[in-house]
Amino acid sequence: SSFTLQHYKDTLKKFLDSGYEINNSCLKKGLEKDLHLVHDIDFDPNLAFKIGKIEQDVKAKSTFFFRLKASNYNLFSIKNVKIINNLVEMGHNIGLHYEQSSANIKSLEEDINFNLNVITRLLETKILFFNAHEPSRTGIKISDILPNNNRCYNSVFFKDYKYLSDSGGRWREDCFSKHINLHKKLLVLTHPIWWYEQHPGENY
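Cut-offs and rules
Residues numbered from 1 in each chain as written. Predicted model: local features only at pLDDT ≥ 70, side-chain atom pairs only at ≥ 80, totals over all residues. Heavy atoms only, no water. Helix = DSSP H or I, 4+ residues; strand = E, 2+ residues; numbered from the N terminus. Expected span 1.5 Å × (residues − 1). Contact = heavy atoms within 4.5 Å. Buried < 20%, exposed > 50% of the residue type's maximum accessible area, 1.4 Å probe, protein only. Axes fitted to C-alpha atoms, helices over the stretch in contact; angles between N-to-C directions. Left-handed = near helix turned anticlockwise from the far one by under 90°. Nonpolar A, V, L, I, M, F, W, Y, C, P; charged D, E, K, R; others polar. Core = buried A, V, L, I, M, F, W, Y, C linked by side-chain atoms within 4.5 Å. Salt bridge = Lys/Arg side-chain N within 4 Å of Asp/Glu carboxyl O. Arc of directions from axis to C-beta. Right-handed = clockwise from strand over helix to strand, strands pointing away. Pairing = 2+ DSSP bridges. Disulfide = S-S within 2.5 Å.

Draft legend 1. Region of the structure containing helix α3 (residues 78-89). Here α3 spans 16 Å end to end across 12 residues, near enough to the 16 Å set by a 1.5 Å rise per residue. Buried positions along α3 lie against α2 (45-57), β2 (63-66), β3 (93-98) and α4 (108-123). Once α3 ends, the next one or two residues include glycine 91, with phi positive near 105 degrees.

Draft legend 2. Representation of unusual backbone geometry within the structure. Phi at leucine 146 takes a positive value of approximately 45 degrees, unusual for a residue other than glycine. With respect to the element layout, leucine 146 can be found in the loop between α5 (135-138) and β5 (162-165). For leucine 146, a relative accessible area of 19% corresponds to the buried category. The residue aspartate 174 is not glycine, and still its phi comes out positive at about 75 degrees. Counting through the fold element by element, aspartate 174 comes out in the loop between β5 and β6 (185-190).

Draft legend 3. The packing of helix α1 (residues 5-17) against α2, seen in detail. Close contact between α1 and α2 brings their axes to 10 Å; oriented N to C, the two are set at 35 degrees. Between α1 and α2 lies a crossing of right-handed hand. Here α1 contributes Leu5, Tyr8, Lys9 and Leu12 to the contact with α2, which in turn contributes Lys50, Ile51, Ile54, Glu55 and Asp57. A per-class count over the contact of α1 with α2 returns 5 nonpolar, no polar and 4 charged.

Draft legend 4. Representation of the nonpolar core in the model. Formed by 49 residues in total, the largest nonpolar core has its most connected members in Phe66, Phe130 and Phe176. Of all hydrophobic cores here, the second largest spans 9 residues; its members include Cys26, Val38, Phe157 and Tyr161.

Draft legend 5. Local environment of the pattern of salt bridges. Tallying each qualifying case throughout the model produces 6 salt bridges. Residues lysine 50 and glutamate 197 are paired through a salt bridge, measuring 3.7 Å at the closest nitrogen-oxygen approach. Taken together, the residues span a long stretch of sequence, with lysine 50 in helix α2 and glutamate 197 in the segment after β6 at a distance of 147 residues. Judged by its relative accessible area of 33%, lysine 50 falls in the partly exposed class. In this structure, lysine 178 engages aspartate 174 in a salt bridge whose closest nitrogen and oxygen atoms are separated by 3.9 Å. The exposure class of aspartate 174 is partly exposed, given its relative accessible area of 36%. Each of the salt bridges in this network shares a partner with another, and the network as a whole consists of Lys9, Lys53 and Asp57.

Draft legend 6. Examining α4 more closely. Given a rise of 1.5 Å per residue, 16 residues ought to cover 22 Å, and the 22 Å separating the end C-alpha atoms of α4 matches this to within 8%. The complete set of buried residues in α4 reads Asp111, Ile112, Asn115, Leu116, Ile119, Thr120 and Leu123. Buried positions in α4, seen along its axis, are confined to an arc of 170 degrees and lie on one side of it. Structural note: α4 exposes Glu110, Phe114 and Arg121 on the side pointing more than 90 degrees away from its buried face. Looking at the buried residues of α4, the elements they touch are α3, β3 and β4 (130-132). Among the residues trailing α4, glutamate 124 stands out with phi positive, at a value near 60 degrees.

Draft legend 7. The pairing of β3, seen in detail. Most of β3 sits inside the fold, with 6 of its 6 residues counted as buried. Crossover connection from β2 via α3 to parallel β3: handedness right-handed. Pairing of β3 with β4, which is carried by 3 bridges, proceeds in the parallel orientation. Along β4, the bridge assignment pairs tyrosine 98 with alanine 132.

Draft legend 8. Layout of the state of the cysteines. All told, the structure shown has 0 disulfides when counted by the stated rule. With no disulfide of its own, cysteine 152 lies 10 Å from the sulfur of cysteine 26, the closest cysteine sulfur.

Draft legend 9. Spotlight on the pairing of strand β1 (residues 34-41). In terms of residue burial, β1 counts as a mostly covered element, since 8 of its 8 residues are buried. Taking every second residue as pointing to the same face, both faces of β1 are buried, with Asp34, His36, Val38 and Asp40 on one and Leu35, Leu37, His39 and Ile41 on the other. By the bridge criterion, 6 bridges tie β1 to β6 in an arrangement that is parallel. Residue pairing across strands places histidine 39 opposite threonine 190, the latter belonging to β6. As defined by bridge partners, β1 adjoins β2 across 4 bridges and the pair is classed as parallel. Across the sheet, residue isoleucine 41 finds its bridge partner in β2, namely phenylalanine 66. Between β1 and its parallel partner β2, the chain crosses via α2, and the hand of that crossover is right-handed.

Dropping the structure here:
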């Protein structure tokens, strides 16, 4: 598998040339050949911009999920708000990469809605969708919560989609480039921290 940004761009072109739609990620589905691209921004919003620009160049759109509680970045800094605004201008969507506020919350639904309202007000753009940060490690089971907003890989929205992820910097079922035309409906989750121009050490 290759994690170069050029490989990512080339793969998107191959999907498009094969008749896949890469549009309005998380907003609609039901297309004959449908690829949904989503990105978890765990560490660095600058890397999100690089991915977003590549997608804009090939006329693809995706959803970027940002954390509210990341120790590595302040989502609401002037620099990061500008990055998010640029992604929106490119036609991409912004989502919440949800992390439970504390172990003592009464309702996950209330906590998720609270976080969605916070990010919406401070970014001044409506944030509708969320997915979960490290659900396998935290034990949070939210696949059935708030189905209209839920875009976790095991949510109702993605029930019939083949799921592929580069979590931990490796594909569990081979690179998404190897799945072209094997599945008509695909959900591909990437983490921009793993994608580089020339060397993996560029990002950390």
